[in-house]
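Examination of the molecular architecture
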Amino acid sequence: MAEGLTFPVLKVDDIVTYFQSEILTGSEAKNFNKNDIVPTPKTESIQRLYMRILQFVFGIKPEYHYMMPVNENVQHSVLQESFLPICSIYHQMSQFLQICQVYDFQLSDLLNPRAKRTITILCGIINFLQFRKMQREVFMEHLKIHNAAKEREKRQLEEIREAELKIKKLTTIPPEQRAAFEEISSEIAELEKLMNKESQEVGLVNEQIAQLRVKVAEQTKQLSFLKVQLATLDEEQAKLKSQIVESPEEMKNDFEKMKETVKKIKQSMVKACFTVIIVVTELFHC
């Protein structure tokens, strides 16, 4: 790499080969050779090469450089027609070479090119074009991915639109079915009211059953207590029978009292049993 340059300086053969394969076409590529650059660059060949480079990079056709701007009021334009292409090429190349890291392009590089200067300029252009080619490949790859993503997005949006239409169709009641739908909706509402009412009634019945179970438990407990008392009285009666009673009258009175107590206990037991039967019957009906 030459001192002060940001790009490598290539051999003349490599420069010629590059422009023959990448920029020039047809007879121009066949006729362009090493003698157009060294030892003394050919002015017309270098100018024509610059025009093709501008056409390749910016799409500026060679005939553009020979056209006088219509919005410029130039006196004696016929006298300037021969110099117009040089000015146009110089103006375009000066701007382009700024991108190529060549900042000192001069008019003499077009009118009286020198071999060393021309080689440096062409190497800067080749360096930029190679970088441009690599970046273009990267860009085209990203563009390919972007286009694929756009196409996928387009398909997904179409699928979403179709799904929305299906949802709208499914959620929209046809006019011929609206009357039946409203009738079914009314029946469902009535059934819900009936179910709520029955649910409340079931709750009340369950509450009554719970209360009856408490009563049954209390009556069962009381019945068990009475059975224990009856058993105790039977034992006492048996003891009394085994004892010798000196006074038959007193024995008769005690016996009558015991009979009365037993009668009361039996009545209480019957009453308790009757209550239990009633409670169980109510539970059964519930």
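Look up a bit, the structure's there.
Residues numbered from 1 in each chain as written. Predicted model: local features only at pLDDT ≥ 70, side-chain atom pairs only at ≥ 80, totals over all residues. Heavy atoms only, no water.

1. What about the overall build of the chain?
Scanning the chain from N- to C-terminus turns up nine helices and zero strands. Order of helices (α) and strands (β) in the chain, N terminus to C terminus: α-α-α-α-α-α-α-α-α. Partitioning the intrachain contacts of the chain with sequence separation of at least 6 by distance along the chain shows that 66% fall at a separation of at least 24. Entry remark: accessible area of the chain is about 21600 Å², with carbon and sulfur atoms responsible for 56%. (Helix = DSSP H or I, 4+ residues; strand = E, 2+ residues; numbered from the N terminus. Contact = heavy atoms within 4.5 Å. Areas by Shrake-Rupley, 256 points an atom, 1.4 Å probe, with all protein chains shown as cover.)

2. Thoughts on the packing of aromatic side chains
Overall, the coordinates contain five aromatic pairs when judged by the stated rule. Arranged with centres 6.1 Å apart and planes meeting at 75 degrees, the rings of Tyr 50 and Phe 105 form a pair that is edge-to-face. Of the two residues, Tyr 50 sits in helix 3 (residues 43–58) while Phe 105 sits in the loop between helix 5 (84–99) and helix 6 (108–111), which places them 55 residues apart along the sequence. In this structure Tyr 50 comes out as buried when scored by relative accessible area, which is 0%. When its relative accessible area of 7% is taken as the criterion, Phe 105 is described as buried. Centre to centre, the rings of Tyr 90 and Phe 105 are 5.8 Å apart; their planes meet at 25 degrees, and the pair counts as stacked. Residue Tyr 90 is located in helix 5, and its partner Phe 105 is located in the loop between helix 5 and helix 6; the two are separated by 15 residues in the primary sequence. Chaining the aromatic ring pairs together yields one cluster made of Tyr 50, Tyr 90 and Phe 105. (Phe/Tyr/Trp six-rings, centres within 6.5 Å; stacked < 30°, edge-to-face > 60°. Buried < 20%, exposed > 50% of the residue type's maximum accessible area, 1.4 Å probe, protein only.)

3. Things to note about the nonpolar core
Soluble globular proteins tend to pack their nonpolar side chains together in the buried interior. Of all hydrophobic cores here, the largest spans 37 residues; its most connected members are Phe 19, Ile 37, Tyr 50, Ile 53, Met 93, Phe 96 and Ile 125. Of all elements in the fold, only helix 1 (12–22), helix 3, helix 5 and helix 7 (115–171) reach the threshold of two or more residues within this core. It is helix 7 that contributes the most residues to this core, nine residues altogether. What Phe 96 contacts, discounting residues up to four positions off in sequence, is Ile 53, Leu 54, Val 57, Phe 58, Ile 125 and Phe 128. Within the second largest apolar cluster, five residues are counted, among which are Leu 223, Leu 226, Ile 265 and Met 269. (Core = buried A, V, L, I, M, F, W, Y, C linked by side-chain atoms within 4.5 Å.)

4. Comments concerning the side chain of Gln 47
Looking at the element boundaries, Gln 47 is found in helix 3. A residue is classified by how much of its surface remains accessible, and Gln 47, at 14% relative accessible area, is buried.

5. Some remarks on the packing of helix 3 against helix 7
At a closest axis distance of 13 Å, the pairing of helix 3 and helix 7 adopts a crossing angle of 15 degrees. In terms of orientation, helix 3 lies roughly parallel with respect to helix 7. Of the two elements, helix 3 crosses helix 7, and the hand of that crossing is left-handed. Between helix 3 and helix 7, the contacting residues are Ile 46, Leu 49, Tyr 50, Ile 53, Phe 56 and Val 57 on the first element and Thr 118, Ile 121, Leu 122, Ile 125, Leu 129 and Arg 132 on the second. For the contact of helix 3 with helix 7, the residue count by class is ten nonpolar, one polar and one charged. (Axes fitted to C-alpha atoms, helices over the stretch in contact; angles between N-to-C directions. Parallel < 35°, antiparallel > 145°, perpendicular 65-115°, else oblique. Left-handed = near helix turned anticlockwise from the far one by under 90°. Nonpolar A, V, L, I, M, F, W, Y, C, P; charged D, E, K, R; others polar.)

6. Some details on the pattern of salt bridges
Applying the stated criterion across every chain, the model contains seven salt bridges. Residue Asp 109 is joined to Arg 117 by a salt bridge in which the shortest nitrogen-to-oxygen separation is 2.7 Å. Arg 117 shares its class with Asp 109; the two are buried. One connected set of salt bridges, linked through shared partners, spans Asp 104, Asp 109 and Arg 117. (Salt bridge = Lys/Arg side-chain N within 4 Å of Asp/Glu carboxyl O.)

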